[in-house]
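So the chains spell out like this:
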Amino acid sequence: QVQLVESGGGLVQAGDSLRLSCKGTGRALVTYIVGWFRQAPGKDREFVGRISQSGATKVLADDVKDRFAISRDNANNVAYLQMNMLRPEDTAIYYCAAGVILNQYTYWGQGTQVTVSS
């Protein structure tokens with residue numbers, strides 16, 4: 001059992017950067033694969049990236065892999081999504097999720113809003 005809370009969203013201009021945090025409480029975050037997702041208004045939830053328990057494996061979606069980076073700090077039970085060169089089309093609510101089985105996310109955060117102005 002783990003609880004996840006995202007933070008770090010906000011309003012930025014195109015070209016700016018943000019770092020989102022996913023803080024885990026309860027069971028140690030190292031137990032879980034952590035995924036990042038986003039959902040824009042009127043659109044389906046979209047996979048952004050994931051990171052394995054140890055951090056050895058990192059996957060980013062094709063449309064963000066040249067601009068975003070995913071990392072984690074298991075000692076502090078936190079995972080990060082570094083977002084650079086943000087574009088208006090990145091505007092969405094960003095969620096982190098955790099699961100012990102690949103592509104089966106059991107726990108979800110509440111989301112954090114990212115808004116990118118042109």
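Everything discussed here concerns the structure shown above.
A. Molecular detail of the pairing of strand β8 (residues 78-83). A large share of β8 lies buried, amounting to five of its six residues. In the sheet, strand β3 (residues 18-26) pairs with β8 via six bridges, with the strands oriented antiparallel. Within β8, the position partnered with Leu-18 by the bridge is Met-83. The pairing of strand β7 (residues 68-73) with β8 spans six bridges and is antiparallel. Each residue of the ladder has a partner; that of Ile-70, found in β8, is Leu-81. Connecting the antiparallel pair β7 and β8 is a turn made up of four residues, with Asn-77 showing a positive phi of about 55°.

B. Molecular detail of the nonpolar core. Counting residues in hydrophobic clusters, the biggest one holds 26 residues, and the most contacted among them are Trp-36, Phe-68, Leu-81, Met-83 and Tyr-94. Of all the elements in the fold, those that place two or more residues in this core are β1 (2-7), β3, β4 (33-39), β5 (46-51), β7, β8, β9 (92-99) and β11 (112-117). Looking at this core, the element that brings in the most residues is β9, giving four residues.

Parameters at a glance
- Residues numbered from 1 in each chain as written.
- Predicted model: local features only at pLDDT ≥ 70, side-chain atom pairs only at ≥ 80, totals over all residues.
- Heavy atoms only, no water.
- Buried < 20%, exposed > 50% of the residue type's maximum accessible area, 1.4 Å probe, protein only.
- Helix = DSSP H or I, 4+ residues; strand = E, 2+ residues; numbered from the N terminus.
- Pairing = 2+ DSSP bridges.
- Core = buried A, V, L, I, M, F, W, Y, C linked by side-chain atoms within 4.5 Å.

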